[in-house]
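Spelled out from the first residue to the last, the chains are:
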Amino acid sequence: MFKRHPYIGRPDYQFWRKEPGLIDMTLFDPVGKPTFRIAPEDKVVTAGSCFAQHVARFLAQAGFDFLVTEQPHPILVEKVAAQLNYGLFSARYGNSSRSTPRGKGPIGAG
Amino acid sequence: MAENALTNVPVLILGESHCTAISRAIGDDIRDKFVAVDVRIGADTSKINFDLFSDFCPSNILLSFGGTEHNIVGLIEAEPRFDFLWPPFDDFDDGRCLVPASAIEELIAYRVQSGLRRAMLVRERFSCPTFALAPPPPFRSIDEKTQLPQAFTTLLEAGIAPPALRRKLYAVQCEVMRRQYEALDIPFIPAPATATDEEGYLLRKFWNRDPTHGNPAYGRLVIKHLRGKFDV
């Protein structure tokens, strides 16, 4: 009996053996064609592991609207706020890489 | 050249501003049993004058460093006004911004570190049993005689935080201090229960103009509390 698997019907760029960059490195495209675009005015929420933290930081630095819903009260000194994970993600749910199996969490979960 | 002989003393109390009330309460009748020294160089809490207590050979030392961190966090109203949940107190004001109790705890733990470091610098000079003293409990309200320490007076325009909030902050401070000192094998001695009213506020007779520090009457109460504990 023929077994279906998750790679059936996937586009060429998701297969190494079809990767044109293997023959001509200038054709290598590690991202592919995104299925959506983020505009600067879009609110972006992050969750996941340290990879999601990096994504959040770079989005914010690049002028995107990294939405942080849980702000520290002004009485909290910066160092303590950082220890308590304020600003790390959109809310203080912490780094979820240990509770989320790799590859099965939200975008950015590592 | 012969070294100076050390003075034996059953209880040596070393600390900063909160030590002053105790030192003022030590009369001639107990001077051979208790010695209290404010170890600061002037009002500079960052420096310790070790010479002030180098001639003593104590049987016990009591540390009274820091202790006003709860006031720094919440004596004066912050903007936005905040409250937090800290059982068994059930007086949360839902008109205020909720700050997680863990954040308050972490903040006070962070602020307490400085006093703890100084306390440990003092402790390492001795090998006798060591204890840590709680700061005085929070006052309920100020009156016309009140004069807050200078650090707070410039902020007073914002108002003084409600007593219920300050009582919780003090409870967090004591819990944090207890945990941190006990982790270093230093038992923590709470303030005498008789220093407060039934709701846990420092009785008016135990502070003079400055409600954040006990007066000599408070010092005498602490000494009485300690005499029972150390059997001296």
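Visitor: Lay out empty space enclosed by the protein with the relevant residues and their values.
Guide: All names here are of chain B. Tallying each qualifying case throughout the model produces four cavities of 30 Å³ or more. Considering only enclosed or pocket space, the largest cavity measures out at about 70 Å³ in volume. Looking at the lining of the largest cavity, the elements that each hand over two or more residues are α1 (17-25) and α6 (216-230). The element contributing the most residues to the lining of the largest cavity is α6, with three residues. Here the residues of the lining of the largest cavity sort into nine nonpolar, three polar and no charged.

Visitor: Before we move on, can you summarise the interface of chain A and chain B with the specific residues and values?
Guide: On the chain B side, the residues contacting the eleven residues of chain A number 15 residues. Both faces combined, the contact of chain A with chain B buries some 1,000 Å², and carbon together with sulfur accounts for 75% of it. Three residues stand out in chain A for area buried against chain B, namely His73(A), Ile75(A) and Val80(A), and they jointly supply 47% of the buried area on that side. Taken together, chain A and chain B are joined by zero salt bridges. Linking chain A to chain B there are one residue pair in polar contact (both at pLDDT 80 or more). Among the residues making up the side of chain A that touches chain B, the classes are represented as seven nonpolar, two polar and two charged.

Visitor: Talk me through the sheet that holds strand β1 (residues 7-15) of chain B; I want residue IDs and the actual numbers.
Guide: Residue and element names in this part refer to chain B. Pairing in this open sheet of five strands is parallel, and the strands run β2-β1-β5-β8-β9 from one edge to the other. Since the sheet does not close on itself, it has two edges, and those belong to β2 (34-38) and β9 (188-189), each with one partner. Note: strand β5 (residues 56-64) against strand β8 (residues 130-133), three bridges, orientation parallel. In the strand pairing of β8, Leu63 is matched with Ala132.

Visitor: How would you summarise the side chain of Asn71(B) if you had to cite specific residues and measurements?
Guide: Residues and elements named next belong to chain B. Among the structural elements, Asn71 can be located in helix α2 (residues 69-74). Overall, Asn71 belongs to the buried group, its relative accessible area being 6%. Ignoring any residue separated from it by four or fewer positions in sequence, one finds Asn71 in contact with Ile76, Phe152 and Thr212.

Visitor: Explain the state of the cysteines residue by residue, including any values.
Guide: All names here are of chain B. Across all of its chains, the model carries zero disulfides over all chains by this definition. No disulfide involves Cys57; its nearest neighbouring cysteine sulfur is the one of Cys128, lying 7.7 Å away. Cysteine Cys174 shares no disulfide, and the gap to the nearest cysteine sulfur, in Cys19, comes to 17 Å. Assessed through its relative accessible area of 14%, Cys174 is described here as buried.

Visitor: Run through the packing of aromatic side chains, naming residues and quoting values.
Guide: Two descriptors summarise a pair of aromatic rings, namely the distance from one centre to the other and the angle between the planes of the rings. Residues and elements named next belong to chain B. For the coordinates displayed, the defined rule picks out nine aromatic pairs over all chains. Aromatic side chains Phe139 and Trp207 sit 5.9 Å apart centroid to centroid with 55 degrees between the ring planes, which places their arrangement in the tilted category. With Phe139 in the loop between β8 and α4 (150-153) and Trp207 in the loop between β9 and α6, the pair connects residues that are 68 residues apart, well separated along the chain. Trp207 shares its class with Phe139; the two are buried. Within the aromatic cluster, the residues linked to one another by ring pairs are Phe50, Phe53 and Phe126. Over the face of the ring belonging to Phe50 we find Arg125, whose NZ or CZ atom lies 3.7 Å from the ring centre.

Visitor: Give me the lowdown on the side chain of Arg118(B), citing residues and values where you can.
Guide: Residues and elements named next belong to chain B. The topology assignment puts Arg118 in helix α3 (residues 101-123). The buried category is assigned to Arg118, whose relative accessible area is 11%. Among the polar contacts made by the side chain of Arg118, one reaches the side chain of Glu16 at a distance of 2.4 Å.

Visitor: For the pairing of β5(B), give the residues involved together with the corresponding values.
Guide: Where β1(B) lies against β5(B), eight bridges are found, and the strand directions are parallel. Across the sheet, Ile13(B) pairs through a bridge with Leu62(B), a residue of β5(B).

Visitor: Could you give me a rundown of the confidence of the model for chain B, with the residues and numbers involved?
Guide: When the pLDDT values of chain B are averaged, the result is 93; 97% of them are 70 or greater. Overall fold confidence (pTM) sits at 0.84, and the ipTM for the predicted complex is 0.84.

About the thresholds
- Residues numbered from 1 in each chain as written.
- Chains lettered and ligands numbered in written order.
- Predicted model: local features only at pLDDT ≥ 70, side-chain atom pairs only at ≥ 80, totals over all residues.
- Heavy atoms only, no water.
- 1 Å grid on protein atoms, 1.4 Å probe; cavity = no way out; pocket = protein on both sides within 12 Å on 5 of 7 lines; lining within 4 Å.
- Points joined across faces, edges and corners; volume = space filled by probe spheres on them.
- Helix = DSSP H or I, 4+ residues; strand = E, 2+ residues; numbered from the N terminus.
- Nonpolar A, V, L, I, M, F, W, Y, C, P; charged D, E, K, R; others polar.
- Contact = heavy atoms within 4.5 Å.
- Buried area = accessible area lost by both parts, 1.4 Å probe.
- Salt bridge = Lys/Arg side-chain N within 4 Å of Asp/Glu carboxyl O.
- Polar contact = N/O pair within 3.5 Å; in protein donor to acceptor, adjacent residues only side chain to side chain.
- Pairing = 2+ DSSP bridges.
- Buried < 20%, exposed > 50% of the residue type's maximum accessible area, 1.4 Å probe, protein only.
- Disulfide = S-S within 2.5 Å.
- Phe/Tyr/Trp six-rings, centres within 6.5 Å; stacked < 30°, edge-to-face > 60°.
- Lys NZ or Arg CZ within 6 Å of the ring centre and 35° of its normal.
- pLDDT = per-residue confidence, 0-100.

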